[in-house]
Amino acid sequence: GQQLNQSPQSMFIQEGEDVSMNCTSSSIFNTWLWYKQDPGEGPVLLIALYKAGELTSNGRLTAQFGITRKDSFLNISASIPSDVGIYFCAGGFGNNDMRFGAGTRLTVKP
Amino acid sequence: DAGITQSPRHKVTETGTPVTLRCHQTENHRYMYWYRQDPGHGLRLIHYSYGVKDTDKGEVSDGYSVSRSKTEDFLLTLESATSSQTSVYFCAISGGLSTDTQYFGPGTRLTVL
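Residues numbered from 1 in each chain as written. Chains lettered and ligands numbered in written order. Predicted model: local features only at pLDDT ≥ 70, side-chain atom pairs only at ≥ 80, totals over all residues. Heavy atoms only, no water.

Asks: Describe the sheet that holds strand β3 (residues 19–25) of chain A, and please don't skip the residues or the numbers.
Replies: All names here are of chain A. Taking strand neighbours across the sheet as the criterion, the 5 strands line up as β1-β3-β8-β7-β6 in an open arrangement whose pairing is antiparallel. The open sheet terminates on both sides in strands that have one partner only, identified here as β1 (4–7) and β6 (55–58). Each strand axis lies, on average, 15° off the axis of its neighbour in the sheet, ignoring direction. Looking at chain direction, β3 and strand β8 (residues 71–76) are connected through 6 bridges and run antiparallel. When the bridges of β8 are listed, N22 appears paired with F73. (Pairing = 2+ DSSP bridges. Helix = DSSP H or I, 4+ residues; strand = E, 2+ residues; numbered from the N terminus. Axes fitted to C-alpha atoms, helices over the stretch in contact; angles between N-to-C directions.)

Asks: Let's hear about the interface of chain B and chain A: which residues, and what values?
Replies: Chain B puts 21 residues into the contact, and the matching count from chain A is 22 residues. For the pair chain B and chain A, the summed buried area comes to about 1,600 Å², and 50% of that belongs to carbon and sulfur atoms. Its largest share of buried area at the contact with chain A, chain B owes to L43, D100 and F104 of chain B, together 34% of the area lost on that side. Remark: the boundary between chain B and chain A carries 0 salt bridges. (Contact = heavy atoms within 4.5 Å. Buried area = accessible area lost by both parts, 1.4 Å probe. Salt bridge = Lys/Arg side-chain N within 4 Å of Asp/Glu carboxyl O.)

Asks: Explain the nonpolar core residue by residue, including any values.
Replies: Core analysis: the biggest nonpolar cluster contains 21 residues, and W32, W34, L74 and L106 of chain A have the highest contact counts within it. Contributing elements (two or more residues each) for this core: β2 (10–14), β3, β4 (31–37), β5 (44–49), β7 (61–65), β8, β9 (85–92) and β11 (104–109) of chain A. Y64, Y89, C91 and L110 of chain B belong to the second largest nonpolar core, which has 19 residues in total. (Core = buried A, V, L, I, M, F, W, Y, C linked by side-chain atoms within 4.5 Å. Buried < 20%, exposed > 50% of the residue type's maximum accessible area, 1.4 Å probe, protein only.)

Asks: Please provide a residue-by-residue account of the sheet that holds strand β7 (residues 64–70) of chain B, values included.
Replies: All names here are of chain B. One open sheet accounts for 4 strands, arranged β1-β3-β8-β7; its pairing is antiparallel. Taken across any chain shown, the strands that pair with only one partner, and hence form the sheet edges, are β1 (4–7) and β7. Across this sheet, the average inter-strand angle for adjacent strands is 20°, counted without regard to direction.

Asks: So what's going on with the state of the cysteines? Which residues, and what values?
Replies: Residue and element names in this part refer to chain A. Considering all chains together, one arrives at 2 disulfides over all chains under this definition. Two residues, C23 and C89, share a disulfide whose sulfurs are 1.7 Å apart. Taking the torsion about the sulfur-sulfur bond, which here is approximately -85°, the covalent link between C23 and C89 counts as left-handed. With C23 in strand β3 and C89 in strand β9, this pair connects stretches of sequence that are 66 residues apart. One exposure class covers both C23 and C89, and it is buried. (Disulfide = S-S within 2.5 Å.)

Pasting the structure below:
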């Protein structure tokens, strides 16, 4: 089952604002992944993190692998309407065993 | 985008009928997975495969079977569908440098009446 605590569950923001969401766990992970899912579609990989402390960007998105290996955050800068969707975190133990967060539902108001 | 297709994309069936969902990949990745996604539960692993004819159970495997006769295809079968198996099913693949990095297909929405 889910062993990741993802927060917040939902966010309502104004276009142009920055967004921050995070995942925490009691388990130590070897990998942290962040996905975005649009309605009726599968999750799309946004950022993959493989080392504690790693900070990686993908356009306006930035994610970090916590140094304790038990947490990760995702930031979105200068949000736009197409950022709307559900964002999932996932932690991997390195043996194909993944745990998924429940998701953060992001709404962006123009 | 990773080359993953799922078929069918939507299916409505009746309780007690067998159902097979197909996942096809063009990435030649070793690992393939079947998940179901339900409100309040998130993504849960049903079965996975670590090679041709090599499969193992996941968290919610009861009522499901899988087969992988070719690298590119991974089939999920519901031998006798029940209403509790109404869900959205996702296939995922991983391989290469990080087997943890999973890429998902577009999903199959299954309704069991």
